[in-house]
Amino acid sequence: MQIKSRVHNNTLYVLLCGELDEHTASYTKSTLDELFVKPNFQKIVIDLSELSFMDSTGIGVLIGRYKKMKGKNIPIFICNPSQHAEKIFKMTGLYEIMPKIV
Amino acid sequence: MKYSNFMEVTFKALSINEGFARVCVASFCVQLNPSVDEITDIKTAVSEAVTNCVVHAYPNGNKGDIKLRCELEGGTITITVQDKGVGIKDIEKAREPFYTSKPSEERSGMGFTVMESFMDNVEVFSNSFGTTIKMSKKILNSSCEVVG
C-alpha cells in the first residue's frame, strides 16, 4: 500500500495505491490518521482509482476514519471506486456516511 | 465425464499470506475461464475467509496453519479454508451482518456477509478444534476440457 496526498482549495486529497486488506490495514490506518491530524483542510476526498483490491477489512478502516473525523466536523468523500469496491460499499451502506463524488 | 481438478496448499496464519491465497485461488480457477467479475468475487471471498483465520483462529500468539483447498467439478469451484484454531463460539451470530467479536479493532463485521454475497453457497463448521469454511460458486460461462 502506498498513500499519496495533497491539499488543494481546503480539501485534503488522498490517493490509495495497492491492496487494502488485513495485512495493509494497520499501515493505512496510521498513515491516514497522521495526514488527517493536520488542520489545513475542511474536507477529505479519498481517491480509490489506484486501489487494486479491497475486502471488508477496508470498510472497517474507512468507518474508523469517519468516526474520528466526524467529531471534528470534517466530511470524507469517496471518488473513483472500482466496480468491485462499489459493490462492497453498497452492500455495507458506506456511501451513507461517505458519499461518492465524481 | 465432468471436468475435475483440485489443488491444496497449507500456509501459516499470517496476514502477509492473504494476498498469496487470493492469487493462488485466482490462478487455479482461470482454467474455468471465469469473467473478471467472477474472479474478483472469488478472490474477495477467499480473502475474507483467510482473514477470519488470521484474526480469530489463533489468539494466543502462536500462529497455526491454514489449509486452502480448491476443487473444480464441472463448471463449479468449491473452496475450503480450514484452520485448527479455537473455533467460533456462535456461528449464527458470527454470520450476522456487522457483528464483530472485536469491536475495539475497527472491524466491519461484514466478512461472512461478503462471502455469502459473492459466492453461491457458504457453509461453516466449527468446534474447539478448528473451523472449516466451505464455499462454492458456479462459473457461468465456464469452458473446460472433458478429461477421462
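What you see is a predicted model, and the numbers here were worked out from it, not measured in a lab. (Residues numbered from 1 in each chain as written. Chains lettered and ligands numbered in written order. Predicted model: local features only at pLDDT ≥ 70, side-chain atom pairs only at ≥ 80, totals over all residues. Heavy atoms only, no water.)

## Points about the nonpolar core
Which entries qualify depends on this criterion: Throughout this description, the term nonpolar core refers to a set of buried Ala, Val, Leu, Ile, Met, Phe, Trp, Tyr and Cys residues connected via side-chain atoms within 4.5 Å. When a residue's accessible area, from a 1.4 Å probe over protein chains only, is under 20% of the maximum for its type it is buried; when over 50% it is exposed; and in between it is partly exposed. In this description a helix means any DSSP run of H or I spanning at least four residues, a strand means any run of E spanning at least two, and both kinds are numbered starting from the N terminus. In what follows, residue pairs with any heavy atoms lying within 4.5 Å of each other are defined as contacts.
Core analysis: the largest hydrophobic core is formed by 38 residues, its most contacted members being Val25(B), Ile42(B), Ile77(B), Ile79(B) and Met135(B). Contributions of two or more residues to this core are made by β1 (4-12), α1 (17-29), α2 (36-57), β2 (65-73), β3 (76-83), α4 (111-118), β4 (121-127) and β5 (130-138) of chain B. With 9 residues, α2(B) is the single largest residue contributor to this core. Those residues in contact with Ile79(B) that lie beyond four places of it in its chain are Val25(B), Ile42(B), Val46(B), Leu68(B), Arg69(B), Cys70(B), Met119(B), Ile133(B), Lys134(B) and Met135(B). Counting 31 residues, the second-largest nonpolar core is a separate cluster that includes Val14(A), Ile59(A), Ile76(A) and Ala85(A).

## Quick look at the pattern of salt bridges
Put simply, the rule is: We define a salt bridge as a side-chain nitrogen of Lys or Arg found within 4 Å of a carboxyl oxygen belonging to Asp or Glu.
Under the counting rule described, the total for this entry stands at 16 salt bridges over all chains. For Glu19(A), the salt bridge is made with Arg22(B), and the minimal N-O distance between the two is 2.8 Å. On the criterion of chain membership, the pair formed by Glu19(A) in strand β2 (residues 11-20) and Arg22(B) in helix α1 is interchain, its members lying in two chains. Judged by relative accessible area, which is 1%, Arg22(B) ranks as buried.

## A word on the environment of Ile77(B)
All names here are of chain B. Along the chain, isoleucine 77 falls in strand β3. The class for isoleucine 77 is buried, based on a relative accessible area of 0%. Separated by 33 residues in sequence, isoleucine 77 and threonine 44 place their C-alpha atoms 14 Å apart. Leaving out residues up to four positions away in the same chain, isoleucine 77 has contacts with Val25, Cys29, Leu32, Ile42, Cys70, Glu71, Leu72, Met135, Ser136, Lys137 and Ile139.

## Here's the deal with the interface of chain B and chain A
Using the following cut-off: Accessible surface is computed with a 1.4 Å probe, and the buried area is the amount of it that two parts give up when combined, taken over both parts together. Residues adjacent in sequence count toward polar contacts only when both atoms are side-chain atoms; beyond that, a polar contact is any pair of N or O atoms within 3.5 Å, and within protein one must be able to donate a hydrogen and the other to accept it. Three residue categories are used. Nonpolar comprises Ala, Val, Leu, Ile, Met, Phe, Trp, Tyr, Cys and Pro, charged comprises Asp, Glu, Lys and Arg, and polar comprises the others, including Gly.
Residue-level contacts link 26 residues of chain B with 22 residues of chain A. Between chain B and chain A, a total of about 1800 Å² is buried, with carbon and sulfur atoms accounting for 54% of that surface. Scanning the region where chain B abuts chain A turns up 6 salt bridges. For the pair chain B and chain A, the interface holds 13 residue pairs in polar contact (both at pLDDT 80 or more). Elements with a contribution of two residues or more to the side of chain B that touches chain A: α1, α2 and α4 of chain B. Broken down by element, the residue count for the side of chain B that touches chain A peaks at 10 residues, all from α2(B). For the side of chain B that touches chain A, a count of residues per class yields 7 nonpolar, 10 polar and 9 charged.

Remember that the coordinates give geometry; whether it matters functionally is a separate question.
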